[in-house]
Amino acid sequence: MAEEILKVEHLNKFYGDWQALHDINFSINKGEVVTLLGPSGSGKSTLIRTLNGLEPFKDGRIYFHGKQVDPNPKTWQDLRQKIGMVFQSYDLFPNLTVLDNILLAPVKVQGRDKAAVQKEALELLDRVELRNHADAYPRELSGGQKQRIAIVRALAMHPELMLFDEVTASLDPEMVRGVLKIIKELSDQDHMTMIIVTHEMNFAAKIADQVLFLENGRILEETPGQQFFDHPQTDRATEFLNSMDF
Ligand SMILES: Nc1ncnc2c1ncn2[C@@H]1O[C@H](COP(=O)(O)OP(=O)(O)O)[C@@H](O)[C@H]1O
Ligand SMILES: [Mg+2]
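The protein carries the name Amino acid ABC transporter ATP-binding protein in an unreviewed UniProt entry, which gives Limosilactobacillus panis as its organism. Looking at the protein in UniProt, the text filed under Sequence similarities (unreviewed entry) is "Belongs to the ABC transporter superfamily."

Dropping the structure here:
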């Protein structure tokens, strides 16, 4: 039976008086990939940040493994360790080497054995073809390399859910493919549960089990991946796809 990792019910999110998310409902099962698509400003980042406890929400419910999450993100310390996130801007610590960036949270926050985490970190670096950069500093890496490190750093926490918010949006085109390949492998080989915001439509079409199409803070469509790309249900989604040039 499908194991539900996350469920969102009637979520409303306000910035001041202004409502950014309207009655959001969806769920994601273990091993599934949900892709959030929609025009700029439609609320994709707001939703993903709310799911990671980076934004408080006013009403509605979020369940993690069937257990309702407290809406106050200050109580999310434990939960946040189970939810890995990679943003558009690789937020590596500039004063730490690649390896120390990766070790920091598993050792300091999770209190895991440093030698064991280091062994695992080096294996992960191997996987993203950056083991020989373990002792480099972030400034010595390209954008694509930094983003691969940011992914490894999130994975080193053993997350149960990974959130990706336009992780290739600021990369040079030749860097994009390597990063997307890693995310695709995480789905195919590790069956990682993931929520992905992307403007790479070919990638989205290949990886998405489910597409949520947002506009003005509302889910206009919730459609199985390939079906969304072949037969979008709304005119707005059709228009969006036609504008994407893929
Ligand atoms: N911290 C904030 N304060 C006020 N408004 C915000 C804030 N962050 C985002 N918004 C607004 O919320 C809406 C959705 O933004 P966002 O979630 O970033 O959209 P997307 O990621 O789809 O481009 C936009 O109108 C944006 O201007
Ligand atoms: Mg965004």
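Okay, back to it.
## Focus on helix 4 (residues 114-127)
With 14 residues, helix 4 extends 20 Å from end C-alpha to end C-alpha; this agrees with the ideal 20 Å at 1.5 Å per step. Every buried residue belonging to helix 4 is among V117, A121, L122, L124 and L125, and all of these are buried. Along the long axis of helix 4, the arc covered by the buried residues comes to 160 degrees, so they all point the same way. Opposite the buried face of helix 4, by more than 90 degrees, sit the exposed residues A115 and K119. Buried residues belonging to helix 4 abut helix 3 (98-109) and helix 5 (143-155). E129 sits one or two positions beyond helix 4 and adopts a positive phi of about 60 degrees.

## Examining helix 3
Structurally, the α-helix is built with 3.6 residues per turn, so residues lying three or four positions apart point the same way. With 12 residues, helix 3 extends 18 Å between its outermost C-alpha atoms, agreeing within 8% with the 16 Å of an ideal straight helix rising 1.5 Å per residue. Each element contacted by the buried residues of helix 3 is listed here: helix 4 and helix 5.

## A closer look at the UniProt feature "domain: ABC transporter" (unreviewed entry) in the protein
The feature "domain: ABC transporter" (unreviewed entry), as given by UniProt, occupies residues 6-241 in the numbering adopted here. Between the end C-alpha atoms of residues 6-241 the distance is 27 Å, and the span holds 38% helix and 26% strand.

## Overview of the layout of surface pockets
Estimated volume of the largest pocket: approximately 610 Å³. Counting residues per element, the ones that place at least two in the lining of the largest pocket are helix 2 (77-82), strand 6 (83-86), helix 3 and helix 5. Looking at the lining of the largest pocket element by element, the count peaks at 6 residues for helix 3. Split by residue class, the lining of the largest pocket holds 15 nonpolar, 5 polar and 3 charged.

## Description of the sheet that holds strand 4 (residues 59-64)
Judged by pairing direction, the sheet is antiparallel, and its 4 strands sit side by side in the order 2-1-4-5 without closing on themselves. Sheet topology places strand 2 (18-29) and strand 5 (67-68) at the edges, where each strand pairs with a single neighbour. Here strand 1 (residues 4-15) pairs with strand 4 via 5 bridges, running antiparallel. Of the residues in strand 4, the one forming a bridge with E9 is R61.

Reading the values: the criteria
Residues numbered from 1 in each chain as written. Chains lettered and ligands numbered in written order. Predicted model: local features only at pLDDT ≥ 70, side-chain atom pairs only at ≥ 80, totals over all residues. Heavy atoms only, no water. UniProt positions renumbered as here; feature names shortened; annotations may be inferred. Helix = DSSP H or I, 4+ residues; strand = E, 2+ residues; numbered from the N terminus. Expected span 1.5 Å × (residues − 1). Buried < 20%, exposed > 50% of the residue type's maximum accessible area, 1.4 Å probe, protein only. Arc of directions from axis to C-beta. Contact = heavy atoms within 4.5 Å. 1 Å grid on protein atoms, 1.4 Å probe; cavity = no way out; pocket = protein on both sides within 12 Å on 5 of 7 lines; lining within 4 Å. Points joined across faces, edges and corners; volume = space filled by probe spheres on them. Nonpolar A, V, L, I, M, F, W, Y, C, P; charged D, E, K, R; others polar. Pairing = 2+ DSSP bridges.

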